[in-house]
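So the chains spell out like this:
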Amino acid sequence: MADTPVVASIAIPAAPSALPARPLLPFQRTLQLMWSERAARWALVFVAALVVVAVAAPLLSPFDPTRPLDPTAGAAAPSLSHWFGTDLTSRDVLSRMLFGARVSLAVATLSAILSAALGLLYGGIAGFLGGRIDGAMMRFVDSLMAIPRLLLLLTVLALWGTVDVRALVVILSLTGWFDVARLARIQAASLRERDFVRAAQALGARPWDVFVRHVLPHAAAPVLVATTITIGQVIVLEAGLSYLGYGVPQPTPTWGNIIRDGRETIATTWWLTLFPGLALVGTALAVNTLADRLRAALNPRQLPAP
Amino acid sequence: MTDPLLRVEHLRTYFHTPAGVARAVDDVSFSIARGETVGVVGESGCGKSVTALSLLRLIEPPGRIESGSHIWFEGRDLLTLGNEEIRQVRGNRIAMIFQEPMTALNPVFTVGDQIAEVARVHTDISRKGARDRAIEMLSLVGIPAPRERAAQYPHQMSGGMRQRVLIAMALVLNPALLIADEPTTALDVTIQAQILELLAKVQQEFGTAILLITHDLGVVAEVASRVVVMYGGQVVEEAPVRSLFAEPAHPYTKGLMQAMPRVGMQRERLATIPGSVPPPTAWPTGCRFRDRCSYAWPRCEQEAPALIPVTPLHSARCHLVEGDHPPPLAGASEAAAR
């Protein structure tokens with residue numbers, strides 16, 4: 001539906017060679033590299049469309065996602081007025097999915113960014129300081145990583161009772177930063193030995209300045225990739241938690257909640273599982289493809305020579 | 001005589017590694033007067049770079065500057081300063097430039113930004129003021145179109161130009177001492193000459209003292225007024241540049257001279273110094289050069305030579321200086337005598 005304008009806003013016209021070559025900004029160059037590949041192009045379009053849908057959900061939704069339309073009617077199969085059918089309490093599934101995209105994307109993006117920031121800072125500091133502090137900080141992360149994340153989440157959420165969306169974001173962030181921390185640590189530890197870090201120290205830069213100016217920016221590319229992967233993971237994770245009844249509480253629509261609503265009548269109300277399921281698979285696939293191609297595009301060895 | 005700008009006394013920097021204690025710098029003393037250029041020469045692993053890093057206290061564990069060492073600079077012993085005080089000295093009073101201009105600049109910031117950063121770290125200068133100062137520095141180190149260049153990233157510049165940028169960074173705050181660790185090693189010969197010329201010009205204009213670390217005697221001959229020759233973590237000879245080249249006193253220095261090609265030289269093989277530097281965890285007893293020295297005799301094994309004056313300004317760490325030595329070993333003598 002919204003495909004065409006989205007494509008147009010992302011596409012970068014190839015610079016006519018007659019124009020004076022203004023160097024592309026790094027993000028433009030990255031986008032251009034990704035756009036040149038079919039899989040990445042599809043993933044970009046899909047994710048962009050999803051973001052538009054999530055943001056414009058109130059405008060696009062034909063019905064109120066939480067209000068039963070006809071309290072006496074049960075679930076109805078997809079029809080012209082309800083494209084994706086209605087659920088057991090007679091709510092429009094398409095509207096619920098549009099609003100659900102909002103919740104899923106917001107939760108996943110926010111918690112991925114929060115955990116990336118946390119991991120970048122923690123791992124960056126550990127790698128930058130090195131020595132025993134580094135050892136102690138990373139052993140702590142290792143011990144946390146030894147606990148399966150889903151188990152940890154279920155325990156916390158079960159003890160908590162009902163959680164609102166903000167608390168869920170915090171909990172997901174606090175359990176999701178370990179990988180990024182390890183990544184950032186490796187980057188920082190190798191950057192510490194680089195000549196320009198040495199040179200900055202020799203010219204009297206404060207340790208914090210050295211860290212912020214000379215270490216963090218170089219850890220950004222791998223952390224950006226890791227964050228994108230994390231977004232995909234958290235979307236699936238949040239759907240799983242909602243499906244198990246520990247995620248975003250009803251009646252807030254999420255893809256996981258919709259699937260949960262239809263789980264007992266899956267044989268007859270297949271549309272309650274199929275459409276949100278497809279949305280989940282498509283999103284996870286698109287986000288992972290994006291992360292994979294982003295990794296390739298951000299690899300400095302793939303950049304054309306300046 | 002007035003106090004020198006920098007006086008290093010009994011500097012010992014040891015690396016406490018699992019394989020043993022590496023005595024990379026072992027009792028090194030020398031001094032630099034204001035505005036003077038001192039060259040430190042020696043082959044890889046002789047301790048010259050570690051000496052330079054020690055001066056700024058940039059030695060990282062397992063390396064350690066041992067107690068008993070002193071680095072007197074502008075009336076203070078740098079080794080007694082707190083971390084914040086030594087940081088104020090770095091870049092401000094003593095600056096350093098490195099060997100690899102390709103990697104010593106941060107690729108994600110413009111060069112103007114990186115020069116301005118040094119000024120902003122040490123002074124209250126405004127963002128705008130620092131940027132103007134950066135452009136001024138670029139023009140001073142001979143970069144054409146400095147305003148445009150300041151907005152460029154390191155990858156848009158050649159190696160020689162980057163070394164100029166690094167020199168500009170080091171000189172922003174007009175330090176009293178510039179430590180240049182192999183500043184021309186990574187550059188083409190023609191660019192080398194330009195950079196050396198620039199260093200000489202800078203010194204005349206600002207009166208900056210320069211500690212020039214190199215393995216290239218030609219570079220030293222061109223810019224230094226005094227030379228410190230290092231071997232095995234020690235100073236083996238120290239002399240004004242003319243007397244060092246005219247009458248080298250230490251067999252190691254003689255060997256270095258013979259290993260240097262000369263204009264008008266017959267087509268023949270260059271002399272070499274046999275063997276290589278022993279590992280710093282296991283210096284030989286007595287003289288550290290004796291295994292490779294064609295003059296070595298039993299005394300060299302029994303007794304470590306002290307730094308002995310040859311003339312008032314020229315000294316060498318060799319028993320030969322005292323005179324009473326047996327003739328050098330046959331075969332080696334011809335090469336040495338030439």
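Residues numbered from 1 in each chain as written. Chains lettered and ligands numbered in written order. Predicted model: local features only at pLDDT ≥ 70, side-chain atom pairs only at ≥ 80, totals over all residues.

1. Concerning the overall build of chain B
The condition is simple: Strands here mean DSSP runs of E at least two residues long; helices mean DSSP runs of H or I at least four residues long; both are numbered from the N terminus. To get the radius of gyration, use the C-alpha atoms; to get the globule rule, take the number of residues to the power 0.38 and multiply by 2.2 Å. Placing C-beta atoms from the backbone, we regard two residues as in contact once those atoms come within 7 Å.
A tally of regular secondary structure across chain B gives 12 helices and 13 strands. Relative to its length of 338 residues, chain B is compact, with a C-alpha radius of gyration of 21 Å against a globular reference of 20 Å. Seen through its C-alpha atoms, chain B measures out along the principal axes to roughly 70 × 50 × 45 Å. Pairs at least 24 apart in sequence give 65% of the contacts found in chain B among residues at least 6 apart.

2. Section: the overall build of chain A
As a reminder of what qualifies: Residues with at least 20 neighbouring C-beta atoms inside 10 Å of their own are called buried, those with 12 or fewer are called exposed, and the rest are partly exposed, where every C-beta is derived from the backbone.
Of the regular secondary structure elements, chain A holds 13 helices and zero strands. For chain A, the sequential pattern of α-helices and β-strands runs α-α-α-α-α-α-α-α-α-α-α-α-α. By residue count, 39% of the 306 residues in chain A fall in the buried class. Look at the contacts in chain A between residues 6 or more apart in sequence, and 71% of them connect residues 24 or more apart.

3. Thoughts on helix 6 (residues 159-171) of chain B
Residues and elements named next belong to chain B. Stated formally: Every helix has an expected span of 1.5 Å times one less than the residues it contains.
An ideal rise of 1.5 Å per residue puts 18 Å on 13 residues; helix 6 measures up with 18 Å between its terminal C-alpha atoms. Most of helix 6 sits out of view: 12 of its 13 residues are buried. Every buried residue of helix 6 is listed here: Gly160, Met161, Arg162, Gln163, Arg164, Val165, Leu166, Ile167, Ala168, Met169, Ala170 and Leu171.

4. Focus on the environment of Ile133 of chain A
All names here are of chain A. For Ile133, the position within the fold is in helix 6 (residues 131-145). On the basis of neighbour counts, which here come to 12 C-beta atoms within 10 Å, the residue Ile133 falls in the exposed class. In the structure, Ile133 is positioned 101 residues away from Val234 in sequence and 30 Å away in space, judged by C-alpha atoms.

5. Re the interface of chain A and chain B
Contact residues are listed per partner, giving 17 residues for chain A and 24 residues for chain B. Elements with a contribution of two residues or more to the side of chain A that touches chain B: helix 10 (195-202) and helix 11 (207-244) of chain A. Counting residues per element, the side of chain A that touches chain B draws most heavily on helix 10 of chain A, which supplies six residues.

6. Quick notes on the packing of helix 5 (residues 93-129) of chain A against helix 9 (residues 178-192) of chain A
Residue and element names in this part refer to chain A. Going by this rule: Here, axes are lines fitted to C-alpha atoms. For helices the fit covers the stretch in contact, and angles between N-to-C directions go from 0 to 180 degrees. Helix crossings get a hand from a simple test, with the near helix turned counterclockwise from the far one by less than a right angle marking a left-handed crossing and a clockwise turn marking a right-handed one. Under the scheme applied, nonpolar residues are Ala, Val, Leu, Ile, Met, Phe, Trp, Tyr, Cys and Pro; charged residues are Asp, Glu, Lys and Arg; polar residues are all the others, including Gly.
Close contact between helix 5 and helix 9 brings their axes to 6 Å; oriented N to C, the two are set at 35 degrees. Considering how the two elements wind past one another, helix 5 and helix 9 form a crossing that is right-handed. Along the contact surface, helix 5 presents Ser115, Ala116, Gly119, Leu120, Tyr122, Gly123, Gly124, Ala126, Gly127 and Phe128, while helix 9 presents Phe178, Val180, Ala181, Arg182, Leu183, Ala184, Arg185, Ile186, Gln187, Ala188, Ala189 and Arg192. Broken down by class, the residue content of the contact of helix 5 with helix 9 amounts to 13 nonpolar, six polar and three charged.

7. Section: the nonpolar core
Worth spelling out the cut-off: What makes a nonpolar core is a set of buried Ala, Val, Leu, Ile, Met, Phe, Trp, Tyr and Cys residues, with links drawn between C-beta atoms within 7 Å.
Ranked by size, the top nonpolar core spans 162 residues in total, and within it Ile115, Ala168, Ala170, Leu177 and Leu211 of chain B carry the most contacts. For this core, the element with the highest residue contribution is helix 5 of chain A, accounting for 15 residues. Excluding residues within four positions of it along the chain, Leu177 of chain B makes contact with Leu5, Leu6, Ile32, Arg93, Ile94, Ala209 and Leu211 of chain B.

8. Side note on the sheet that holds strand 8 (residues 177-181) of chain B
Residues and elements named next belong to chain B. How we decide: Whether two strands pair depends on DSSP finding at least two bridges between them.
The strand order across the open sheet formed by eight strands is 7-8-9-3-10-11-13-12, and the pairing between neighbours is mixed. Each of the sheet's edge strands pairs with one partner strand only, and the pair in question is strand 7 (94-97) and strand 12 (308-311). Shown here is a sheet whose adjacent strand axes are inclined to one another by a mean of 20 degrees, direction ignored. Note: strand 3 (residues 37-41) against strand 10 (residues 226-231), four bridges, orientation parallel. Directly across from Gly39, in strand 10, lies its bridge partner Val227.

9. Quick notes on the pairing of strand 9 (residues 209-214) of chain B
Residue and element names in this part refer to chain B. Cut-off, in case you're wondering: Here is how to tell: hold the view so the strands point away, follow the path from the first strand over the helix to the second, and if it runs clockwise the crossover is right-handed.
Of all six residues that make up strand 9, six are buried, and the element is covered over most of its length. Alternating positions in strand 9 separate into two faces, Ala209, Leu211 and Ile213 on one and Ile210, Leu212 and Thr214 on the other, with burial throughout. The pairing of strand 3 with strand 9 spans five bridges and is classified as parallel. When the bridges of strand 9 are listed, Val40 appears paired with Ile213. At this point the chain moves from strand 8, through helix 7 (residues 189-206), to the parallel strand 9, and the crossover so formed is right-handed.

10. Focus on the packing of helix 3 (residues 38-55) of chain A against helix 5 of chain A
All names here are of chain A. This is how the line gets drawn: We call two directions roughly parallel when the angle between them is under 35 degrees, roughly antiparallel when it is over 145, roughly perpendicular when it lies between 65 and 115, and oblique otherwise.
Where helix 3 meets helix 5, the axes come as close as 8 Å, and the angle between the chain directions of the two elements is 110 degrees. Regarding the angle of helix 3 to helix 5, the classification is roughly perpendicular. Contacts between helix 3 and helix 5 pair Leu50, Val51, Val53 and Ala54 from the former with Leu98, Ala101, Arg102 and Leu105 from the latter.

11. Examining the environment of Ile94 of chain B
Position of Ile94 of chain B relative to the elements: it lies in strand 7. Discounting residues that sit within four places of it in the chain, Ile94 of chain B has contacts with Leu55, Leu56, Phe73, Val89, Pro175, Leu177 and Ile179 of chain B.

12. Side note on the pairing of strand 7 of chain B
For a regular strand, side-chain orientation follows a simple rule: the groups alternate between the two sheet faces. Residue and element names in this part refer to chain B. Burial along strand 7 is two-sided: Ile94 and Met96 and Ala95 and Ile97, pointing in opposite directions, are all buried. Pairing of strand 7 with strand 8 involves four bridges; the strand directions are parallel. In the strand pairing of strand 8, Ala95 is matched with Leu178.

13. Structural notes on unusual backbone geometry
Residue and element names in this part refer to chain B. Geometrically, the link from Pro61 to Pro62 is a cis peptide bond, its omega value of 5 degrees lying close to zero. As for its position among the elements, Pro62 is in the loop between helix 1 (48-55) and strand 4 (63-65). Even without being a glycine, His10 presents a positive backbone phi close to 50 degrees. Position of His10 relative to the elements: it lies in strand 1 (residues 6-17). We note that Glu182 has phi near 50 degrees; this positive angle belongs to a residue other than glycine. Here Glu182 is to be found in the loop between strand 8 and helix 7.

14. So, the confidence of the model for chain B
Residues and elements named next belong to chain B. So the rule is basically this: One number per residue, pLDDT, summarises how confident the predictor is, and it ranges from 0 to 100.
When pLDDT is averaged across chain B, the result is 86; 94% of the residues are at 70 or more. Across residues 330-338 the pLDDT falls below 50, and counting only partners more than four positions away or on other chains, this stretch makes eight contacts in the model. Predicted complex metrics record ipTM = 0.79 and pTM = 0.76.

15. As for helix 7 of chain B
Residues and elements named next belong to chain B. Filter applied, for reference: In this description, the arc belongs to the directions extending from the helix axis to the C-beta atoms.
Between the first and last C-alpha of helix 7 there are 26 Å, a value that for 18 residues agrees with the 26 Å anticipated at 1.5 Å per step. Turning to helix 7, its buried residues number three or more, namely Gln192, Ile195, Leu199 and Val202. Across the axial projection of helix 7, the buried residues extend over an arc of 85 degrees, all falling on one side. Among the exposed residues of helix 7, those oriented more than 90 degrees off its buried face are Val189, Thr190, Gln204 and Glu205. Residues of helix 7 that are buried in the fold lie against helix 6, strand 8, strand 9 and helix 8 (217-223). Gly207 sits one or two residues past helix 7 and shows a positive phi near 70 degrees.

16. As for the environment of Lys128 of chain B
By secondary structure assignment, the location of Lys128 of chain B is in helix 4 (residues 127-140). Placed 12 residues apart in sequence, Lys128 of chain B and Ala116 of chain B show a C-alpha to C-alpha distance of 9.2 Å.

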